[in-house]
Amino acid sequence: MIPVDYYIILSAILFTIGVLGVLVRRNALIIFMSIELMLNAANLAIVAFGSVFESFSGQIFVFFVIAVAAAEVAVGLALIVEIFRSKRSIDVDQVSSLKG
Amino acid sequence: MTQSDLTTILPVTILTVWACVLLLVDLLIPKTRKGITALLSALGLAVTLGYTLAQIGSEVTGFNGMVTLDGFSIFVNALLLVSGLLGVALAYGYIKRMGIERGEYYTLLLFSVVGMMLMAQATDLIVVFLALELLSIPLYVLAAFARDKTDSEEAGLKYFLLGAFSSGFLVYGIALIFGATHTTNIFAIVEFVSTSTGSLLLTIGAALLLIGFGFKVAVVPFHMWTPDVYQGAPTAVTAFMTSGAKIAGFAALLRVFATAFPSIAADMTNVFWVISAATMILGNVAAVAQTDIKRLLAYSSIAHAGYILMAFVPYGNETVVATSVAAGLFYLVAYVFTNFGAWGVVIALEKEAGKGLALDDYAGLAKKHPALAAAMTIFMLSLIGLPPTIGLIGKLYLFRAVIDAGFVWLAIIGVLTSVVSAFYYLRVVVIMYMKDGEPAAERETWLDTTTLVTALVTVVVSFIPQFLFAWASEAVLKLF
């Protein structure tokens, strides 16, 4: 069996890539994908811990996270489409009428 | 599901069912009479508030310790329901006037309140996460509710991206805490931590959790989204967001950190100290330069998050933690009423297309609408912390608790930043009373009522604060 450390290291790497993606990329969709990567990194860690502890609550939690992520996608994509309609761009640097 | 499960989540259930039914009933209400939806949603909030207040003194835990209805959650729920009611009252005339009146506004607001209430009741990190999302997702939509306005769209997108980003940190934090303690239940975490030495995984998990909550309650350095979102969102939404999301975020932060993590208090106290001081300083200093009232109040809300966070600094010190947390709750109440009142005045002066929001638009208000100017003066005094207002009492309790815990410098920073804040709050008062101008304010029954009620609470409670503080102290007693 693969030791749990490997899963956790992989999930930490995925999480870091997600965070960097949010901070570095300027396209709203890619930022959004990076956020999903962060959530899935957490899911991986939870499932790995859950299987080591032989506890079901970890697995159940992952289902909740997946469901919530789907709800976020529904709202987030609607917002992005709405922005694209009015600005013809989803570059977050151009979404900057609020400043001060 | 047992009897106690049902009693525990009954307040949340009432409001959820009410909101779902309202979503359907709203279809039958003609487009021109959406005021009925507003009244129905206010009725739902009032019924839940009545039920919640009737539960004072009871303490039940349900669903294998995942949710609880104790003194603390009853106190916070009552405050949340009151802010829901104030939010509906402010929105009633405003969204009609701005041409964004749709019945969904009120149902989304109800769903958001449900999430906030659940967050105060959660005793399991899974429920904390679900509740946080339940309160956030309707708020993302509400922030972008004026969808034909670029500002509102932009506020919605920014709030969404940073909100989702912060929940990523939160979930990863929960994952690490789960890995360190083998459980997500707060009581079980307490048990686990008390029998073992602290681990690195737990500390990192708690720090990530703090980042997640920090975004929600807008403390430095996780505040970047706040001014933009609060400025761009429709004003009635902003009023509700600044209060509701803050109460819920601090309630969960309190429950999780005060109950579950006293073992890492030594590390966390310093972190809270720095964040609280930085938030007070940055919020107040940045507000000085603002010329837009919405942005000014946005920075003011950041600054106030710093004051409230002061209550968390001594959380590892067993002798003072109860008083300091009670002071934090008291300050939240003070902030909620003052804040709603101030936003009520802003809404009264706002015109279509974002006009009427500059500070100069308040010139001459005292001559034309003396009552409105007087109310705004009360709110500004309360935000600074001057007598005769509840804001002063809140700050006194808070500073006293922090000094008792030995953090004198933090209290000094608090006082000094309050002095800085006097500059920009009083500038509003000076503009209203000393400058000449022709401000046009919208007078509308529900708006006036809200402003009047909040102004009365702000002044009257400052003379009889003991009962509220006693209630807050009793509410937090069982937490530790």
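Residues numbered from 1 in each chain as written. Chains lettered and ligands numbered in written order. Predicted model: local features only at pLDDT ≥ 70, side-chain atom pairs only at ≥ 80, totals over all residues. Heavy atoms only, no water.

## Quick word on the overall build of chain A
Along chain A, the regular secondary structure elements total three helices and zero strands. Element order for chain A, N to C, with α for helix and β for strand: α-α-α. Relative to the globule expectation of 13 Å for 100 residues, the C-alpha radius of gyration of chain A, 17 Å, shows a markedly less compact shape. Considering only C-alpha atoms, chain A reaches an extent of 50 × 25 × 25 Å along its principal axes. A buried classification covers 42% of the 100 residues belonging to chain A. When the accessible surface of chain A is totalled, it reaches about 5400 Å², and 70% of it is carbon and sulfur. One way to put it: in chain A the 6 positive side-chain charges average out to a point 18 Å from where the 7 negative ones average out. (Helix = DSSP H or I, 4+ residues; strand = E, 2+ residues; numbered from the N terminus. Rg over C-alpha atoms; globule rule 2.2 N^0.38 Å. Buried < 20%, exposed > 50% of the residue type's maximum accessible area, 1.4 Å probe, protein only. Areas by Shrake-Rupley, 256 points an atom, 1.4 Å probe, with all protein chains shown as cover. Lys, Arg positive; Asp, Glu negative; His and termini not counted. Charge placed at Lys NZ, Arg CZ, Asp CG, Glu CD.)

## Observations regarding the overall build of chain B
For chain B, the count of helices and strands is 19 helices and two strands. Over its C-alpha atoms chain B spans a radius of gyration of 21 Å, differing by no more than 12% from the 23 Å that the globule rule assigns to 480 residues. Burial statistics for chain B: of 480 residues in total, 66% are counted as buried. Within chain B, contacts between residues separated by at least 24 positions form 81% of all contacts whose residues are at least 6 apart in sequence. Within the structure as shown, chain B displays about 15600 Å² of accessible surface, and the carbon and sulfur contribution to it stands at 70%. Between the centroid of the 24 positive side chains of chain B and the centroid of its 28 negative side chains there is a distance of 8 Å. (Contact = heavy atoms within 4.5 Å.)

## Focus: the pattern of salt bridges
Inspection of the entire model under this criterion finds eleven salt bridges over all chains. A salt bridge links Asp 93 of chain A to Arg 26 of chain A, with the shortest nitrogen-to-oxygen separation between them at 3.5 Å. Of this pair, Asp 93 of chain A sits in the segment after α3 (56–87) while Arg 26 of chain A sits in the loop between α1 (4–24) and α2 (28–53), and the two are 67 residues apart along the sequence. Each of the salt bridges in this network shares a partner with another, and the network as a whole consists of Glu 154, Lys 158, Asp 228 and Arg 295 of chain B. (Salt bridge = Lys/Arg side-chain N within 4 Å of Asp/Glu carboxyl O.)

## What about unusual backbone geometry?
Following Val 220 of chain B, the chain continues into Pro 221 of chain B via a peptide bond in cis, with omega recorded as 5°. In this structure, Pro 221 of chain B sits in the loop between α8 (200–217) and α9 (225–232). The step from Pro 387 of chain B to Pro 388 of chain B runs through a cis peptide bond, and the omega angle for that step is 0°. For Pro 388 of chain B, the position within the fold is in the loop between α15 (370–384) and α16 (390–404). For Glu 54 of chain A, which is not a glycine, the phi torsion comes out positive at approximately 50°. As for its position among the elements, Glu 54 of chain A is in the loop between α2 and α3. The phi dihedral of Phe 63 of chain B falls on the positive side, at around 50°, and the residue is not glycine. By secondary structure assignment, the location of Phe 63 of chain B is in the loop between β1 (60–62) and β2 (67–69).

## Points about the side chain of Thr 269 of chain B
All names here are of chain B. Within the secondary structure layout, Thr 269 lies in helix α11 (residues 265–288). Using a relative accessible area of 12% as the deciding quantity, one classes Thr 269 as buried. Only 3.3 Å separates the side chain of Thr 269 from the backbone oxygen of Val 313, close enough to count as a polar contact. The contact partners of Thr 269, leaving out residues within four places of it in the chain, are Val 313 and Phe 407. (Polar contact = N/O pair within 3.5 Å; in protein donor to acceptor, adjacent residues only side chain to side chain.)

## Thoughts on the packing of α2 of chain A against helix α6 (residues 150–181) of chain B
For the pair α2 of chain A and α6 of chain B, the least separation of the axes is 9 Å and the interaxial angle reads 15°. On the basis of the axis angle, α2 of chain A is roughly parallel to α6 of chain B. α2 of chain A and α6 of chain B meet at a crossing whose hand is left-handed. The residue inventory of the contact of α2 of chain A with α6 of chain B, partitioned by class, reads 21 nonpolar, four polar and no charged. (Axes fitted to C-alpha atoms, helices over the stretch in contact; angles between N-to-C directions. Parallel < 35°, antiparallel > 145°, perpendicular 65-115°, else oblique. Left-handed = near helix turned anticlockwise from the far one by under 90°. Nonpolar A, V, L, I, M, F, W, Y, C, P; charged D, E, K, R; others polar.)

## Here we look at the interface of chain A and chain B
Taken together, the contact between chain A and chain B spans 45 residues of the former and 38 residues of the latter. In this assembly, chain A packs against chain B so that about 3600 Å² is buried in total across both faces, 79% of it on carbon and sulfur atoms. On the surface where chain A and chain B come into contact, there are one salt bridge. Here Glu 82 of chain A and Arg 147 of chain B are joined by a salt bridge, their closest N and O atoms 3.4 Å apart. Between the two partners, chain A and chain B, sit four residue pairs in polar contact (both at pLDDT 80 or more). Taken together, the elements giving at least two residues each to the side of chain A that touches chain B come down to α1, α2 and α3 of chain A. When residues of the side of chain A that touches chain B are assigned to their parent elements, the largest contribution, 17 residues, is made by α3 of chain A. (Buried area = accessible area lost by both parts, 1.4 Å probe.)

## Quick look at the packing of aromatic side chains
Counted under the stated rule, the structure contains 26 aromatic pairs over all chains. A ring pair is formed by Tyr 105 of chain B and Tyr 106 of chain B, whose centres lie 5.5 Å apart and whose planes are at 70°; its orientation type is edge-to-face. Here Tyr 105 of chain B and Tyr 106 of chain B have matching classes, each one buried. With a centroid separation of 5.1 Å and 75° between ring planes, the pair formed by Phe 330 of chain B and Tyr 397 of chain B is classed as edge-to-face. With Phe 330 of chain B in helix α13 (residues 321–349) and Tyr 397 of chain B in helix α16, this residue pair connects regions lying 67 residues apart in the sequence. For Tyr 397 of chain B, a relative accessible area of 13% puts it in the buried group. Here a set of aromatic residues connected by ring pairs shows up, and it is made of Phe 15 of chain A together with Phe 165, Phe 169, Tyr 172, Phe 215 and Phe 222 of chain B. (Phe/Tyr/Trp six-rings, centres within 6.5 Å; stacked < 30°, edge-to-face > 60°.)

## A short note on the environment of Pro 221 of chain B
Note on Pro 221 of chain B: relative accessible area 48%, which makes it partly exposed. Remark: the alpha-carbon pair of Pro 221 of chain B and Val 420 of chain B, spanning 199 residues in sequence, is separated by 20 Å.

## As for the nonpolar core
Grouped together as the largest cluster of nonpolar side chains are 225 residues, with contacts concentrated most on Tyr 105, Phe 257, Phe 261, Phe 272 and Tyr 362 of chain B. With 21 residues, α13 of chain B is the single largest residue contributor to this core. (Core = buried A, V, L, I, M, F, W, Y, C linked by side-chain atoms within 4.5 Å.)

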